[in-house]
Amino acid sequence: MAAKQVHNVSEKTKPLLKATALEKRVTSPEGELVILDNVNLDIEAGDTVAVVGASGSGKSTLLSLLAGLDTASAGHVHFMGHDLSTLDEDGRAALRAGRVGFVFQSFQLLESFTALENVMLPLELSGRRDAAADARQLLDRVGLAARVRHYPRQLSGGEQQRVALARAFAGEPSVLFADEPTGNLDQSTGHHVGELLFELNREHNTTLVLVTHDMELAQPCGRFIELANGRVVKS
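Here the structure is a predicted model, which is why all the values come from computation and not from measurement.

## Overview of the layout of surface pockets
The rolling of a water-molecule-sized probe over the atoms marks out the regions of remaining empty space.
Part 1: Estimates place the volume of the largest pocket at around 670 Å³.
Part 2: Every residue lining the largest pocket is counted, 22 residues in all, and those nearest its centre are Val100, Gly101, Phe102, Pro122 and Leu125.
Part 3: Going through the elements one at a time, helix H3 (89–96), strand E6 (100–104), helix H4 (115–125) and helix H6 (157–170) are the ones with two or more residues in the lining of the largest pocket.
Part 4: When residues in the lining of the largest pocket are grouped by element, the largest group, four residues, is from E6.
Part 5: The residue makeup of the lining of the largest pocket, split by class, is 12 nonpolar, five polar and five charged.

## Quick notes on the sheet that holds strand E7 (residues 175–179)
Part 1: Pairing is mixed in the open sheet, where six strands are placed in the order E6-E7-E8-E3-E9-E10. Of all strands in the sheet, those bounded by a partner on one side alone are E6 and strand E10 (231–234). Across this sheet, the average inter-strand angle for adjacent strands is 25°, counted without regard to direction.
Part 2: Bridge count for E7 against strand E8 (residues 207–211) is five bridges, and the pairing is parallel. Each residue of the ladder has a partner; that of Ala178, found in E8, is Leu210.
Part 3: Here helix H2 (residues 59–66) sits on the sheet in contact with strand E3 (48–53), E7, E8 and strand E9 (223–228), set at roughly 155° to E7.
Part 4: The sheet contacts of H6 involve E6 and E7, and relative to E6 the element is tilted by about 170°.

## A closer look at helix H7 (residues 187–204)
Part 1: For H7, built from 18 residues, the straight-helix expectation of 26 Å at 1.5 Å per residue is met to within 8% by its first-to-last C-alpha distance of 26 Å.
Part 2: Every buried residue of H7 is accounted for by Gly190, Val193, Gly194, Leu196, Leu197, Phe198, Leu200, Asn201 and His204.
Part 3: Looking at the buried residues of H7, the elements they touch are E3, helix H5 (131–141), H6, E7, E8 and helix H8 (215–218).
Part 4: The N-cap residue of H7 is Asp186: its side-chain oxygen and the backbone nitrogen of Ser188 are 3.1 Å apart.

## A short note on the sheet that holds strand E4 (residues 74–79)
Part 1: One open sheet holds the four strands; their spatial order is E2-E1-E4-E5, and the pairing between them is antiparallel. The open sheet is flanked by strand E2 (31–43) and strand E5 (82–83), the only strands paired with a single partner.
Part 2: As defined by bridge partners, strand E1 (residues 17–28) adjoins E4 across five bridges and the pair is classed as antiparallel. Pairing of Leu17 across the sheet is with Phe79, part of E4.
Part 3: Against the sheet, H2 makes contact with E1, E2 and E4, and its axis sits at roughly 60° relative to E2, the strand it touches most.

## A short note on the pattern of salt bridges
Part 1: Under the defined criterion, the tally for this structure stands at 12 salt bridges.
Part 2: Of the charged contacts, one joins Arg147 and Glu159 as a salt bridge, the two residues approaching to 3.0 Å between their closest N and O atoms. Of this pair, Arg147 sits in the loop between H5 and H6 while Glu159 sits in helix H6, placing them 12 residues apart in sequence.
Part 3: The class of Arg147 is partly exposed, set by a relative accessible area of 23%.
Part 4: Look at Glu159 and you get buried, because its relative accessible area is 14%.
Part 5: Each of Glu23, Arg25, Glu32, Asp37 and Arg231 takes part in a single network of salt bridges with overlapping partners.

## Side note on the packing of aromatic side chains
Part 1: What the rule picks out here adds up to two aromatic pairs.
Part 2: Here Phe102 and Phe104 contribute two aromatic rings whose centre-to-centre distance is 5.5 Å and whose plane-to-plane angle is 10°, an arrangement assigned as stacked.
Part 3: Accessibility expressed as a relative area gives 18% for Phe102, which makes it buried.
Part 4: Accessibility expressed as a relative area gives 24% for Phe104, which makes it partly exposed.
Part 5: When the ring of Phe102 is compared with that of Phe177, the centres are 5.8 Å apart and the planes differ by 25°; the resulting orientation is stacked. Remark: Phe177 occurs in strand E7 and Phe102 occurs in strand E6; sequence separation between them is 75 residues.
Part 6: Cluster of aromatic residues (ring-pair linked, three or more members): Phe102, Phe104 and Phe177.

Definitions and cut-offs
Residues numbered from 1 in each chain as written. Predicted model: local features only at pLDDT ≥ 70, side-chain atom pairs only at ≥ 80, totals over all residues. Heavy atoms only, no water. 1 Å grid on protein atoms, 1.4 Å probe; cavity = no way out; pocket = protein on both sides within 12 Å on 5 of 7 lines; lining within 4 Å. Points joined across faces, edges and corners; volume = space filled by probe spheres on them. Helix = DSSP H or I, 4+ residues; strand = E, 2+ residues; numbered from the N terminus. Nonpolar A, V, L, I, M, F, W, Y, C, P; charged D, E, K, R; others polar. Pairing = 2+ DSSP bridges. Axes fitted to C-alpha atoms, helices over the stretch in contact; angles between N-to-C directions. Contact = heavy atoms within 4.5 Å. Expected span 1.5 Å × (residues − 1). Buried < 20%, exposed > 50% of the residue type's maximum accessible area, 1.4 Å probe, protein only. Polar contact = N/O pair within 3.5 Å; in protein donor to acceptor, adjacent residues only side chain to side chain. Salt bridge = Lys/Arg side-chain N within 4 Å of Asp/Glu carboxyl O. Phe/Tyr/Trp six-rings, centres within 6.5 Å; stacked < 30°, edge-to-face > 60°.

Right under this line is the structure:
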């Protein structure tokens, strides 16, 4: 598949993602828990951004808010010029469709679908007529041409994550959110999956927001945002 062309002129005049005074607070038996506190950041189209920090620093919560998977307690997230706080769950899902890809630590593949069917799904949902051919091409690109008929339970962890990568890039997203994509893999497999992630990201000219505690995985990113106790301490 041909790499997409990035954004029109009007979209280039503003950040692809912008967080302003972003907060996330939840109620616990011990009282109010502050997960994110006054987070401000801009992410431009084409950026590769690593969000790093200790466990519990708020990394995954920030990713969920930026992607519109969760709602903030205060502040705003603008994605491609749209204020996510003004949209309901269906509206946020519609905005993500065809624009956002995800890779999670737990792979999140559909167990009753083959590798091919998992990658075909976003293509079919977008109305692509050549979904099967495109999905095969992507699986071949990630080294799984011989595994297209296998179900997730028949694949290793590394193979499952490569299917997830193929699925994430299938819709030619404007931005890819990756949350600890090598967290469930051994060191060697994680290294190879990480290399593949960055290769595909360059080929598809996608903005990357990567949450990780692995500084080796984060190293190729052009920007680092470090969180501590829910606040940005370095950017």
